[in-house]
Amino acid sequence: MADTIEAAGLAIHPGLLSPAEQRALLSDIAAVIRKAPLFRPTMPRTGKPFSVMMTNCGPLGWVSDKTGYRYQPRHPETGKPWPPMPDRLVALWRSLGAPAEPEACLVNMYDEGAKLGMHQDSDERTYDAPVVSVSLGDTAVFRMGGTTRRGPTRSVRLSSGDVVVFGGESRLMYHGIDRVLSGSSRLIDGGGRINLTLRRVTPWS
Ligand code: MD3
Ligand code: FE
């Protein structure tokens, strides 16, 4: 296992979650998906479907459709409130020293061939809290750049059990998923990758 990499508020913790912790978290997320089924978001204006499927837990969830990107308290298809955030996710957020309570956990599901273009996470009303990312299942080729669309990027592999904290200057960096290495993990039956991002959406003080 490599050392933790830290720079400008970015902390990568390879293998922070043990295999047993990954399995427990996966079963929590399977329960979330049963209550709040995965949906396929579409791009604002064009209506082009994402290759990634999504759901959320916690008081707020991120959604995208033809009218735009936003956080909302209900599932766009069932109309029900998002399920509560599993206790072990709240505990993880606290253990990483994040301020206030997490309000949203976006669940991204990548099947073979799914990817996520370079973007900045800027739909939140505060950037004072970090975004915490948890990877489960197949390894992803993650690309990160700077705080502008141009400029150099670097590629980092995110494997099952890796946790990344994007705080400080890294909170507004451009990032995306180039591809997922299918068959690289046995955690998820049938393969694939699940990424959880825990966020604070509204200011707290
Ligand atoms: C850097 N998710 O949900 S995780 C996203 O693997 C998203 O599903 C990717 O980008 C995924 O918005 C990448 C790494 C990540 C997540 C959120 C960030 C990096 C970030 C927010 C700010 C800066
Ligand atoms: Fe993102």
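These notes cover the structure that comes with them. Quick caveat, the model's predicted, so the values are computed rather than measured.

All right, on to helix H1 (residues 19-35) then. Spanning 17 residues, H1 covers 25 Å between terminal C-alpha atoms, matching the ideal 24 Å at 1.5 Å per step. Those residues of H1 that are buried are in contact with strand S3 (53-57), helix H2 (87-95), strand S6 (104-110), strand S8 (131-137) and strand S13 (193-199).

Okay, the coordination of the iron ion (ligand 2) next. Within the protein, the iron ion (ligand 2) binds to His119 (NE2), Asp121 (OD) and His175 (NE2); these donor distances fall in the range 2.0 to 2.2 Å. With relative accessibility at 16%, the residue His175 sits in the buried group.

What follows concerns the layout of surface pockets. There is about 840 Å³ of room inside the largest pocket. Contributing to the lining of the largest pocket are 39 residues, with Leu116, Gly117, His119, Asp121 and His175 lying nearest its centre. Across the lining of the largest pocket, the residue classes tally to 18 nonpolar, 12 polar and 9 charged.

Attention shifts here to the sheet that holds strand S12 (residues 175-180). Spatially, the 4 strands line up as an open sheet ordered S7-S12-S9-S10, and their pairing is antiparallel. Each having just a single partner strand, strand S7 (116-119) and strand S10 (154-158) make up the two edges of the open sheet. Here the strands of the sheet are splayed against their neighbours by 25 degrees on average, with no regard to which way each runs. Bridge count for strand S9 (residues 140-144) against S10 is 5 bridges, and the pairing is antiparallel. Among the inter-strand pairings, Arg143 is bridged to a residue of S10, identified as Ser155.

Within the sequence span of H2, burial applies to Leu89, Val90, Leu92 and Trp93. Buried residues of H2, seen end-on, are gathered within an arc of 160 degrees and therefore sit on one face of the element. Those residues of H2 that are exposed and aimed more than 90 degrees away from the buried face are Asp87, Arg94 and Ser95. Taken together, the buried residues of H2 touch H1, S6, S8, strand S11 (163-166) and S13. Among the residues trailing H2, Gly97 stands out with phi positive, at a value near 80 degrees.

On to the state of the cysteines. Overall, the coordinates contain 0 disulfides when judged by the stated rule. Here Cys57 stays unpaired: no disulfide links it, and the sulfur of Cys105, its closest cysteine neighbor, is 4.0 Å away. Accessibility expressed as a relative area gives 0% for Cys57, which makes it buried.

Among the 18 residues in the neighbourhood of ligand 1, the closest are listed as Asn108, Tyr110, Asp121, His175 and Arg193. In the model, an oxygen atom of ligand 1 is placed 3.0 Å from a nitrogen or oxygen of the Asn108 side chain. Contact distances for ligand 1 include 2.5 Å between an oxygen atom and a side-chain N or O atom of Tyr110. Look at ligand 1: alone it shows 490 Å² of surface, and the protein chains cover 98% of it. Judged by its atoms lying within 2 Å of the grid points, ligand 1 is housed in the largest pocket. For the shell around ligand 1, the secondary-structure elements that each account for two or more residues are S6, S7, S8, S12 and S13. If one sorts the elements of the shell around ligand 1 by residue count, S13 sits on top with 4 residues. For the shell around ligand 1, a count of residues per class yields 7 nonpolar, 7 polar and 4 charged.

About the thresholds
- Residue numbers restart at each chain and count upward from 1, following the sequence in its written direction.
- For naming, the first written chain is A and the first written ligand is 1, with later ones following in the order written.
- The predicted nature of this model means local features are confined to residues of pLDDT at least 70 and side-chain atom pairs, given and counted, to a pLDDT of 80 or more, with totals for whole chains, interfaces and linings taken over all residues.
- To get the side-chain values, take all heavy atoms of the structure and skip hydrogens and water.
- Numbering of helices and strands runs from the N terminus; a helix is a DSSP stretch of H or I covering at least four residues, while a strand is a stretch of E covering at least two.
- To estimate the expected span of a helix, subtract one from its residue number and multiply by 1.5 Å.
- It only takes one pair of heavy atoms within 4.5 Å for two residues to be counted as in contact.
- In this listing, donors mean N, O and S atoms no farther than 2.8 Å from the metal, or 3.2 Å for Na, K and Ca; water is missing from the atoms, so a site can look incomplete.
- Residue exposure (1.4 Å probe, protein chains only): buried if accessible area is under 20% of the type maximum, exposed if over 50%, otherwise partly exposed.
- Cavities and pockets are defined on a 1 Å grid built over the protein atoms alone: a cavity is a set of grid points where a 1.4 Å probe fits but cannot escape, while a pocket is an open set with protein on both sides within 12 Å along at least five of seven lines, and lining residues are those with an atom within 4 Å of any such point.
- Grid points are joined across faces, edges and corners, and a volume is the space filled by probe spheres set on the points.
- Only Asp, Glu, Lys and Arg are considered charged, only Ala, Val, Leu, Ile, Met, Phe, Trp, Tyr, Cys and Pro nonpolar, and every remaining residue, Gly among them, polar.
- Pairing between strands is defined by DSSP: at least two bridges between them are needed.
- Between N-to-C directions, angles cover 0 to 180 degrees, with each direction set by a line fitted to C-alpha atoms, over the stretch in contact for helices.
- Arc definition: directions from the helix axis to the C-beta atoms.
- The criterion for a disulfide is a pair of cysteine sulfur atoms lying within 2.5 Å.
- Nearness is defined per residue: one heavy atom within 4 Å of the molecule or strand is enough.
- Counted as a polar contact is a pair of N or O atoms within 3.5 Å, where, for protein atoms, one must be capable of donating a hydrogen and the other of accepting one, and residues adjacent in sequence contribute only when both atoms are in side chains.
- Using a 1.4 Å probe, the Shrake-Rupley method yields the accessible areas, and only the shown protein chains count as cover for residues.
- If over half the atoms of a molecule are within 2 Å of the grid points of a cavity or pocket, the molecule is regarded as sitting in it.

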